[in-house]
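Letter by letter, the chains look like this.
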Amino acid sequence: MVTWLHLLPDAGIYIDGQLVTEEQHRLMKLALAAAAATSAVPEVQAAPPDPDKLKDYGAVLRQTFGDLHQGYVDLNREMLNWTRQSGAVLIQRERELADEAARQRKLTSQSLADIDLLGRSVKTVQLQETFAMAGANTAARARREPSPGWADFLGGLLRAVAGEK
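Residues numbered from 1 in each chain as written. Predicted model: local features only at pLDDT ≥ 70, side-chain atom pairs only at ≥ 80, totals over all residues. Heavy atoms only, no water.

Caption draft 1: Broad picture of the overall build of the chain. Helix and strand content of the chain: 4 helices and 2 strands. Along the chain, helices (α) and strands (β) appear in the sequence α-β-β-α-α-α when read from the amino end. When each of the 165 residues of the chain is scored for burial, the buried share is 3%. Accessible surface, the chain: about 15400 Å² in total, of which carbon and sulfur atoms supply 62%. (Helix = DSSP H or I, 4+ residues; strand = E, 2+ residues; numbered from the N terminus. Buried < 20%, exposed > 50% of the residue type's maximum accessible area, 1.4 Å probe, protein only. Areas by Shrake-Rupley, 256 points an atom, 1.4 Å probe, with all protein chains shown as cover.)

Caption draft 2: View of the pattern of salt bridges. Applying the stated criterion across every chain, the model contains 3 salt bridges. Among the ionic pairs, Arg-103 bridges to Glu-100, the shortest N-O distance being 2.9 Å. Of the two residues, Arg-103 and Glu-100 both sit in helix 3 (residues 51–143), 3 residues apart, roughly one turn of that helix. (Salt bridge = Lys/Arg side-chain N within 4 Å of Asp/Glu carboxyl O.)

Caption draft 3: A look at the confidence of the model for the chain. The predicted model of the chain has a mean per-residue pLDDT of 82, with 85% of residues at 70 or higher. The least confident element of the chain, judged by mean pLDDT, is helix 1 (residues 2–7) at 70; the most confident is helix 3 at 88. (pLDDT = per-residue confidence, 0-100.)

Caption draft 4: Layout of helix 4 (residues 150–162). A rise of 1.5 Å per residue sets the reference length of helix 4, with its 13 residues, at 18 Å; its end C-alpha atoms lie 18 Å apart and thus fit the reference within 8%. When you tally the buried positions in helix 4, you get 0 out of 13 residues, a small fraction of the element. Phi for Gly-163, located one or two positions after helix 4, is positive at around 90 degrees. (Expected span 1.5 Å × (residues − 1).)

Caption draft 5: Quick peek at a nonpolar patch on the surface. A cluster of nonpolar residues, Trp-150, Phe-153, Leu-154, Leu-157, Leu-158 and Val-161, forms a patch on the protein surface that exposes about 760 Å² of accessible area. Positionally, Leu-158 belongs in helix 4. Judged by its relative accessible area of 57%, Leu-158 falls in the exposed class. (Patch = residues over 30% accessible without salt bridge, like charges linked within 9 Å, V, L, I, M, F, W, Y side chains within 5 Å.)

Shown next as structure tokens:
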């Protein structure tokens, strides 16, 4: 607080969140002046730094900032490299997924074609069996006696109407 009173003597001072009143501010200045008058300690002024040391400090600071800058550049390069590699890996994975999806689509199409071919083969076999059965029935009919004529048909109709068995 003493430093603030020296640097900005007219500035407002807050203690524990409360603004110090004008009277308290005046009393602090008086107490500070009295303490300065009673103290016999002379003010010590800092000696100017040695120019050679300043050059050394400047060189150390320059080297430090150079190293920091180089580290920053290296970090950015590493991050860029990592981003490129990650992107390449992601693109490769997407290609592999697309190739696998195309392969699966081709296999599904092939399976459906095979199922259709199998279904057609089954229908062909069933049709051939039907034709074979029909041909066998025709041969059996040909070996039988001649088919009934009109007279047989009319006799059957009369028996059905008359109720005879």
